[in-house]
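Chain by chain, the residues:
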Amino acid sequence: MDAHLNLGKFLYEETPAWKTYQAPVTSDVITTWYQERAREIEQYSGLVDNALALVELGIDNGIKGLDLIHHHLKTLYTLVYQCNCNSTVTLSQEESMSDLEKLHRMTKEARGSPTFITAFVQMAVPFLSRVEGMEGGKARRQLLEQYMVSLAKVVSQPQAPQGKAIIRDVGDMMSLALKCVYSCERCEQLDAADRILECLPMGTTGLSEELHVLHKDIDKLEDHLSAMEILNLYGTQKPISHIRNIQDSPAEAKQLMVRLTRGASRQPSSGSQETFWRNLLQHLLTLRGRVFTCVEPSTCYQLPYDKSVELVVYAAREYFNSAANYRDRDMSLAKSCLALIKDCPAAIQSELNLFSSLEIVEGFGLGLLPLQVRLCENKLDIIKRVLKECPDAYKQSEKLFRLAHLLGLDGVETPVAMPAAGIPMAPGQGHTSILIANTAIEKEDFRFAHKLCSQLMSAQFPPAWEVCRKLAGQGQFKELQSKLELTSFVLTHRPEEELRHVMKERGAMEVQLLSAESHDSGRSSIIGRSVQQIVTKGTGVVQQFIRHRPLGVLGKQSDQDVIEECLEQLGDEVERLCNEEQVERMNLALSYHPFYTTDGMDVHNQASYGRLAMEYSDLDTHLMLSYLLALPQVTAADQLFSKMAVSKVSLQLAIYYACLQIYARTAESSDGEPLLCPPATLMSHVISHVIGHSTAEWPVGVQPAVELLQCYRTQLCDHVQAETLLGLGTGIDVQRFTQDLDYRRETILSLARTMDTNMFKTAQSLAKPHKVAEWELYMALTTWLLTDHRQTYSLVIIPTCVCSLPVSDAQKKLGDPRIAEVLLSNPQETASRLQEDTYPLIPGTKYGLLLVFYTLLQQCAEEEAEIKNGDVDLSIHVSLLKKFKSAVRGMDYKTLMTGEDSVSVLRPALLATNVHLIAKLAAKIPCKACDNGFLSSEVVFRVFAEKLFMTGDGKQTEPQDKLPLSTRIELLGRLLKLWRRALNGASSAEVTGSSEEGHNSIAMEMALEHLRSVHTAALKRPQECSEVYAVCSKMVASGLRLDVVGTVLDVTHKVQPHTMSVLSLVQEALSHALEELRHTDSEPQDVLCKIETVISSVRQHEQESGRLVSSGQVLAIIRPHCSDSSHTVDTRRALLHIIEKHLTLSEDDLNLLILYQTQAILLNQFAVLATLEHVSSAQGRTALFTTLLRQASTLDQLQVLECLLETWGEDSRFPVQESWCELMEAMSSVAEGATGVILARAGRSHVPEEVDEAIWHKLSSGSVVDGLKYSLVAGGVVMKKSLEQLQQESSVPIMSADVFELLIVKKQVSLVVSLPFYIQLSAHLQSPQEDISTELFTKVLSCSASELSERLSLNQPAKRVREVAQQLFDGGFKAAAGSLVLSTQQFHPNTLTVSDGVTYVNRLMRR
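I will try to describe carefully the structure that is included in this document.

Conventions we followed
Residues numbered from 1 in each chain as written. Predicted model: local features only at pLDDT ≥ 70, side-chain atom pairs only at ≥ 80, totals over all residues. Heavy atoms only, no water. Helix = DSSP H or I, 4+ residues; strand = E, 2+ residues; numbered from the N terminus. Buried < 20%, exposed > 50% of the residue type's maximum accessible area, 1.4 Å probe, protein only. Contact = heavy atoms within 4.5 Å. Areas by Shrake-Rupley, 256 points an atom, 1.4 Å probe, with all protein chains shown as cover. Axes fitted to C-alpha atoms, helices over the stretch in contact; angles between N-to-C directions. Left-handed = near helix turned anticlockwise from the far one by under 90°. Nonpolar A, V, L, I, M, F, W, Y, C, P; charged D, E, K, R; others polar. Polar contact = N/O pair within 3.5 Å; in protein donor to acceptor, adjacent residues only side chain to side chain. Patch = residues over 30% accessible without salt bridge, like charges linked within 9 Å, V, L, I, M, F, W, Y side chains within 5 Å. Salt bridge = Lys/Arg side-chain N within 4 Å of Asp/Glu carboxyl O. Expected span 1.5 Å × (residues − 1). Phe/Tyr/Trp six-rings, centres within 6.5 Å; stacked < 30°, edge-to-face > 60°. Lys NZ or Arg CZ within 6 Å of the ring centre and 35° of its normal. Core = buried A, V, L, I, M, F, W, Y, C linked by side-chain atoms within 4.5 Å. Parallel < 35°, antiparallel > 145°, perpendicular 65-115°, else oblique.

1. Observations regarding the overall build of the protein
Within the protein, the regular secondary structure consists of 74 helices and 0 strands. For the protein, buried positions account for 43% of its 1407 residues. Counting contacts in the protein only where the partners sit at least 6 residues apart, residues at least 24 apart contribute 62% of the total. About 75,400 Å² of surface is accessible on the protein, with carbon and sulfur atoms providing 52% of the total.

2. Some details on the packing of helix α17 (residues 346-363) against helix α20 (residues 397-406)
Across the interface, α17 lies against α20 with an axial gap of 8 Å and an inter-helix angle of 145°. For α17 against α20, the interelement crossing comes out left-handed. Contacts between α17 and α20 involve N353, L354, S356, S357, I360 and V361 from the first element and K399, R402, L403 and L406 from the second. Counted by class, the contact of α17 with α20 contains 5 nonpolar, 3 polar and 2 charged residues.

3. Let's talk about the side chain of S902
Tracing the sequence through the fold places S902 in helix α47 (residues 902-906). The exposure class of S902 is buried, given its relative accessible area of 1%. A distance of 2.6 Å separates the side chain of S902 from the backbone oxygen of P926, its partner in a polar contact. Other than its neighbours up to four places away in sequence, S902 contacts L896, P926, C927 and L935.

4. Brief notes about the environment of T236
Mapped onto the secondary structure, T236 falls in the loop between α11 (209-233) and α12 (240-246). Distance in space between the C-alpha atoms of T236 and R262 is 9.2 Å, their sequence separation being 26 residues. Setting aside anything within four residues of it in sequence, one finds T236 in contact with L231, L256, R259 and L260.

5. Considerations on a nonpolar patch on the surface
Taken together, the side chains of F10, L11 and W18 define a hydrophobic patch exposed on the protein surface, amounting to about 300 Å² of accessible area. Checked against the element boundaries, L11 lands in helix α1 (residues 9-14). On the accessibility criterion, L11 (34% relative accessible area) is partly exposed.

6. Some thoughts on helix α62 (residues 1195-1208)
With 14 residues, α62 should reach 20 Å at 1.5 Å per residue; the first-to-last C-alpha distance of 20 Å fits that figure. Here α62 has its buried residues at L1195, Q1197, L1198, V1200, L1201, E1202, L1204, L1205 and W1208.

7. Some details on the packing of aromatic side chains
To describe a pair of aromatic rings, one takes the distance between the centres and the angle between the planes. What the rule picks out here adds up to 13 aromatic pairs. With a centroid separation of 5.2 Å and an interplanar angle of 35°, the aromatic rings of Y839 and F853 are classed as tilted. With a gap of 14 residues between them, Y839 in the loop between α43 (827-838) and α44 (847-862) and F853 in helix α44 connect regions that are remote in the sequence. Using a relative accessible area of 2% as the deciding quantity, one classes F853 as buried. Seen in terms of ring centroids, Y839 and Y854 are 6.3 Å apart; in terms of plane orientation they differ by 70°. Their pairing is edge-to-face. One end of the pair, Y839, is in the loop between α43 and α44; the other, Y854, is in helix α44, with 15 residues separating them in the sequence. Given the relative accessible area of 22%, Y839 is considered partly exposed. Owing to a relative accessible area of 4%, Y854 belongs among the buried residues under this scheme. Here a set of aromatic residues connected by ring pairs shows up, and it is made of F641, Y657 and Y712. Positioned above the aromatic ring of Y182, the side-chain terminus of R244 is 4.1 Å from the ring centre. In this structure, K894 packs its charged tip against the face of Y839, placed 4.6 Å from the ring centre.

8. Quick word on the nonpolar core
If you look at the biggest cluster of nonpolar residues, it comprises 112 residues, and the most contacted ones within it are I1091, L1201 and L1368. Grouped together as the second largest cluster of nonpolar side chains are 72 residues, M779, V878, L880 and F944 included.

9. Let's talk about the packing of helix α33 (residues 634-643) against helix α36 (residues 703-727)
Helix-helix packing is described using two parameters, namely the angle between the two axes and the distance between the axes. In the contact formed by α33 and α36, the axes pass within 9 Å of each other and the chain directions differ by 20°. Here α33 is positioned roughly parallel relative to α36, judged by the angle of their axes. Crossing geometry of α33 relative to α36 is assigned as left-handed. Within the contact between the two elements, α33 uses V634, D638, F641 and S642 and α36 uses P704, A705, L708 and Y712. Its residues assigned to classes, the contact of α33 with α36 shows 6 nonpolar, 1 polar and 1 charged.

10. Overview of the pattern of salt bridges
Counted by the stated rule, this structure contains 25 salt bridges. Salt-bridge contacts for K102 lead to D99; the nearest nitrogen and oxygen are separated by 3.9 Å. With K102 and D99 both in helix α6 (residues 99-107), this residue pair falls 3 residues apart, about one helical turn. Using a relative accessible area of 23% as the deciding quantity, one classes D99 as partly exposed. For E1104, the salt bridge is made with R1041, and the minimal N-O distance between the two is 3.1 Å. Taken together, the residues E1104 in the loop between α56 (1084-1103) and α57 (1111-1122) and R1041 in the loop between α53 (1026-1037) and α54 (1042-1055) connect sequence positions 63 residues apart. The class of E1104 is partly exposed, set by a relative accessible area of 41%. When its relative accessible area of 37% is taken as the criterion, R1041 is described as partly exposed. Here the salt bridges share partners, and the residues they tie into one network are R745, E746, E776, E829, R833 and D837.

11. Description of the environment of P239
Mapped onto the elements, P239 comes out in the loop between α11 and α12. In this structure P239 comes out as buried when scored by relative accessible area, which is 15%. Considered as a pair, P239 and E185 are 54 residues apart in the sequence and their alpha carbons are 5.4 Å apart. Residues in contact with P239, not counting those within four places in the same chain, are C184, E185, R186 and C187.

What follows is the structure in structure tokens.
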């Protein structure tokens, strides 16, 4: 044999990869072989010890380069065989782990047990030594430090090492101890921290600089632990890291001390109170001396003092509240409590004042409980009650002023007497004076009331204008000079809308005073009566003077100037009234008021009257009417009216002119004065005569005026109807409505097809003048309700279909006796219309509607109407429908009663619950195929038996599956055989005449053939199910019901057995989609939609009590991907959102969701990376938000923080309210941040008043509008202060639409009537709406954007005006409310007076 023959050559030929190790080989090749061989042993056998032994053999033989794999195998050996870890850990997994994770796995089992130190020395120390040998001592120290710090967060009982020290360097040990203690976030680890401190060496001299610094840190740690012990003593637990973080912050340190003091007050003390509070003070001083040196010592003393005051006041309040009256024993105890504090701070003084006020109240004989006095929100109510129940209390004004002071109405510390002239009066004292003065007026003590009013006027107290006006208006108060003084004060401080009334009253007073001084008593009495007539009739010059001058001009004139101008024009009027008996009857042709004399008397050319009337049409309606009456021809006036814009005012004015002309030309006597008669009365009188006669019956000279009256009455009627139609908002073509008769009739009938009562009344009002019979309206309504063709009332104009009304609503509406009354007035036509037009459109399955139809038809028959009803009587229809209504579902009654195919119609509706009822009624149901023309009970039971056999009784999904195929084939064969025998035994005539039996025989034969084919297919048992799998997978992915998928699987399993289940299909669909999500390059949204579809179907399946798959099985597949870093943050967040939407998230999953949302929000604005620790606890969120708020310097960053707080939401663990306040304050200090802070405030409630006031001040300093908008959103005291500030503004700012809408929404319009921008608000209501902030008002009203228009009534201007007028009316501003409403009614401004507005709004609000 050849000595060089290679016997193992065939091995290298079979495995070419081994040629690398064929001789000759190098040391590197040998090393590689050892490494790969060891990996193969571990990979294929799982025997880590054998792989380790091979590597150690190589090391013993001097093979280099095996240290790293030896380290990993040694570590794997420790994990698998010594630490009881999961035996499935492989070498590749171990290599991918971090050293810290390996260390945690080694000590996991022994963590927290007494054997922890032993296990750590045996398993972790060798690992640390290997790390030190491979990476150096620094790596060992860092790894050990990371491990101990992470362990300090979870291990509650540290153990002192025994034997050989693990950490050999003293500095490393001290540094590690500090980090471990400060890393612990738990508050109950004080004992553990003390034990760690005991293990540390004491400081000595001659130490290095580094050790010296560490010993100082240890001393600080000891101080922090002492502080932590004091905090725990009083129930204020804080982690030691928190104490270190706030030790240099005076505000946070003081806040912590305050919490400690509050906690101390809630703890029961075992010894004396004095000892307890001394110990508390000593502990506070200890905290301040050792830790919180930034806090002043006086703060420590102040805290116990404040708490003592708080406790004393609290105890006194409890005794006060429980007392029955001022002399109760508890009141003495309350005073004793307050006496414990020697000095008298504000809180105690406030309580003492309340005691004194109660004594005064009882002195007046008012039986109020002490608790009632304290809880009274408006303390003025107490003074009102005193004045009401004690008749002479108003005379004791000084006592009442003191009571007001004690109740806190003055806002000053000490009571004050009535101020001297020119000195402002405190609000509480002023309002008290007003109440006393009102009471004095009611008691008719005018002298005392005038004294109080004089004091109020001297102090220039504006709210007193009302009581001054009330006193001046008293007829029994005869001092005219005093009345003028009171009226002067009222003119200075009155609201703008009261100017006309006050001027009228003042003018009358001055005239009376003047006449009293300069005329004799007889003349004076005449003038007094004449002035009274001027004021009451409304035709005086004072009213004309005020009406024709702008309010701004009147405001600039002095009182004397106004009176002088009024008196100049009053002269002639007073003279005329004084000689009233000599006044001749007014000449109707052209009569002028003295005010118009200079304008009219110089006109001689009658041809110019028309031109002058046209020029004055927009300026002076009275003068225009005078010129028109002077025209010789009525046609000239007609030309003028035709050129005016069409409105109710212009048409009514034309009618009034025509009535005046007719009355002047036809009146037989001169007893009446047409111009002095109310226009409505005159027009009603003339029109009543015109309607009863034709135009030809009137004199020739009157006929043009009669024609003019009839023409404009018709136009007014059409105009009113057009406005009514337009107000419906249905898109009706008004022009076509007036011209096209068919369109008009169909529109009116369409309006009648409604459930809205008001809409039907509108149709009735339109039908009467246009000659549409009431029967037609009710017939249209009845047809609409019965036919189930639900369309809105705009059927002709805008055919918008809506959902069908419930049958119950239609039946209730049709039960109205008025409908039957009107329809039965013409029974024959009603019956014909019902049968021809209505019946074909009624659905056959609506038994309730059919019952109403036949009942109504039966009533028509009772009225002797001819009915075409066939073979079945109407009473039978009514009887059948009453029974079918409650027992039968889905059957077409109309088809059933035709008798064409009654059995087929009846079969689907037959159930075990109704078969007996239908069998009893069968003799009344037509059937043309039956012998006597009607069904029989036998036929009903036979049909039900067939249905029960073939399809089950409806309670089981597939009852036929209960029997094996072979049994069903045998049973059906025997039944078919029996059936054929029965047919053979019957006569040929019977067989021929019964086609149904033949059909049944054919059906059974087909069913038998089908069962045999299924049985044959089942015997074949094909092994491949790829087509079934593909179809079912598509069904699951498309979101089909899972029970349907389960049914398909069950059916296919009988034909083609398989192992597929709904659970496996769902799991595969989700797994495939998740992997596609990881590797897809396309839009991930499509894949997420697939996942959501599958999860949604699982949720629906669970809600329907399905058991094929559960949400827990789905969560097990998706949850690992939610924390998988290979997915993007947005993808993981989207997965968690899907789970949250359809399934229930655990607390850990919720924390993950919040983390990913936080990271996405902060991504582009902040460089801070949020971690799970930041969002999983209240402390973490607070610290993160505080850090971000300090870094935020721009509006964009602050808006990001706003989004962050909204994402975190209202969580009881996180003080979100405090954070919102801090954010809003920060936003108010940034340029252009007003909008953001207003939006943020709109979504918040319970914001402290001091925060609102501070933000309001900041915004107001930059923009009055922004400040007002914020105050309206905030409400409360801030809103009142803002409105008061606006009253002092010299210029009128231009307000935005948002401000006006907020005033309306907050119902504060009455508070701004006296403000300059009220005119802007009125214009805002009457003009097209400007753009408003949708985001702001959706937050204010807590509604969606789609609901906003309806909530604000933006498309209903009339409703908006009515709501604002209601606010003004409720606030006492009736004149302003009337003026606002009338301004929207298209009345000419020159035809209106203030009294008209008040009268109109009083009528409107009483409706």
